[in-house]
Amino acid sequence: MNQRNNHRLILFPLPFQGHINPMLQLGRILYARGFSITILHTNFNAPDPSSHPHFAFRSIADGLDQSKASKSDIPGLISLLNTLCVSPFEECLREMMSLQGGEAVPVACLISDSLFSFTCGVAERLKVRALMLRTGCATCLYLYTICPVLKEKYFPIHDSRLQETVKEFPPLLVRDIPAMDSQEPGLMFRLVDDLIKTIKSSPGVIFNTFEELEHPAIASLREVLSVPFFPIGPSHKFCVTSSSSSLLAEDRSCISWLDEQPPKSVIYVSFGSLAAMSEAEILEIALGLACSEQPFLWVVRPGSVCDPEWPEKSPSRFLEALEGRGKIVKWAPQNEVLAHPAVGAFWTHNGWNSTVESISEGVPMLCMPCFADQGVNARYVSDVWRIGVNLNGGLERENIARAIKRLLVSREGEEIRERALVLKEKASACVRQGGSSYQALDALVSHILSSE
Ligand code: UDX
């Protein structure tokens, strides 16, 4: 057991899978550096304490009416949480700061998700430092710093301009500019504005990325925002033992299924924890996978089809129709899947966690971004790092099959894999002693300890 350093950190993740994972990974890294960790969380999407026996957990009563927790309006949900959580968060933090909560170890600092913009103000009132965890990539945050220009020049986005290059940010195309549906017009811009203000006023920002991957954006951010940045990714690679922070049960049967497949033959298909499609799109994916004639492992999570009538049992119907060539699960142990020798490519929505996890294992990507930062991530995968291809030509079975074969069984696919393996090595090197992320982590620890 590592020596404890008599400092407690309070970590407050945004309650979505793509935000909980990197925050809990950060907790494990900092626990290994001697800090005591308390995870503060909402009742909505609460993590499972039993998977993290070394952490203390405290829930705050967010008062969120589950019926209002619509995943089809994520900006609306984030905005609602930013209102509902203020008082219970302040109350809980005040209690912990005054040690009335029975905490034996004093609080050194708070680390909040950067989309919880209200935490800065509360922390200031209670005189506790509030570092921020930004769960997306540095490039996208840098793009957000020119959001007013993008808004003026490109919004509302017209179909006729989708293939146009964003002159202020090549090689981005207009279609890649982050956008998210919300019932409230302009809400996404307000959230981005709050995010930039929060980051600017924070004493430090932690990123799940690494210098060798995003040096230009990290350097530009340091210049433009004048805030200490700590790129400590890929954060899951710092954690020696794996412990799941999945909100859904992982179906491990896919690992024994992968064991039976030839090396580098399987296309792993997953679109993260939020993206949803129509039944017609899901059917086209199924037919595309069948046409590719490659084995596939496909995550069809509950809620991934927009149609509420869509029967839960449909995946097995698909599977039967697909002549046993693939495996469908509701949730997979993704990092283990990506590290499996049978996996040859990852068809992904390019959520930032999935992108970093794929890079860490050297798995080439078939990119199909859905919303928010995903278009930016996908463009960098295909055009900058050149470790994947975009699903150009749309969600159509023959197009899908062609793209899968392009990655798995073509000369071009081999070249993409070679580049992905070079990047994998860089990702491994940066978390080793002396590596860029290792040094950033040392700097982060010193920063936290010097902040008292
Ligand atoms: C969201 C946004 O979409 C993303 O763009 C943003 O950067 C973070 O928040 P999400 O859409 O869920 O996240 O995607 P992603 O960032 O990839 O996170 C999904 C996480 O769930 C990954 O850590 C992945 O390993 C995990 N996962 C996914 C599983 O463990 N099993 C699965 O079957 C699917």
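Residues numbered from 1 in each chain as written. Predicted model: local features only at pLDDT ≥ 70, side-chain atom pairs only at ≥ 80, totals over all residues.

Under the annotation held in an unreviewed UniProt entry, the protein chain carries the name Glycosyltransferase and is attributed to Eucalyptus grandis. Per UniProt, the protein chain carries the Sequence similarities (unreviewed entry) text "Belongs to the UDP-glycosyltransferase family." (UniProt positions renumbered as here; feature names shortened; annotations may be inferred.)

## Focus on unusual backbone geometry
Between F155 and P156 the backbone carries a cis peptide bond, its omega angle lying at -5°. Of note, P156 is situated in the loop between helix 6 (147-154) and helix 7 (187-200). For the bond from P170 to P171, the omega torsion is 5°, close enough to zero to count as cis. Positionally, P171 belongs in the loop between helix 6 and helix 7. Although it is not a glycine, N350 sits at a positive phi angle of roughly 60°. Tracing the chain through its elements places N350 in the loop between strand 11 (343-348) and helix 13 (352-361). The exposure class of N350 is buried, given the 30 C-beta atoms found within 10 Å. (Helix = DSSP H or I, 4+ residues; strand = E, 2+ residues; numbered from the N terminus. Buried ≥ 20, exposed ≤ 12 C-beta atoms within 10 Å, placed from the backbone.)

## Looking at the site of the ligand
Around the ligand, a shell composed of 26 residues is seen, among which G18, G272, G351, W352 and S354 lie nearest. For the shell around the ligand, the elements supplying multiple residues, two or more each, are helix 1 (17-32), helix 12 (334-338) and helix 13. Classifying every residue of the shell around the ligand gives eight nonpolar, 16 polar and two charged. Here the shell around the ligand gathers at least three residues from each of two domains, domain 1 (8-243 + 431-450) and domain 2 (252-428). (Near = placed C-beta within 6 Å. Nonpolar A, V, L, I, M, F, W, Y, C, P; charged D, E, K, R; others polar. Domains from an automatic or database assignment.)

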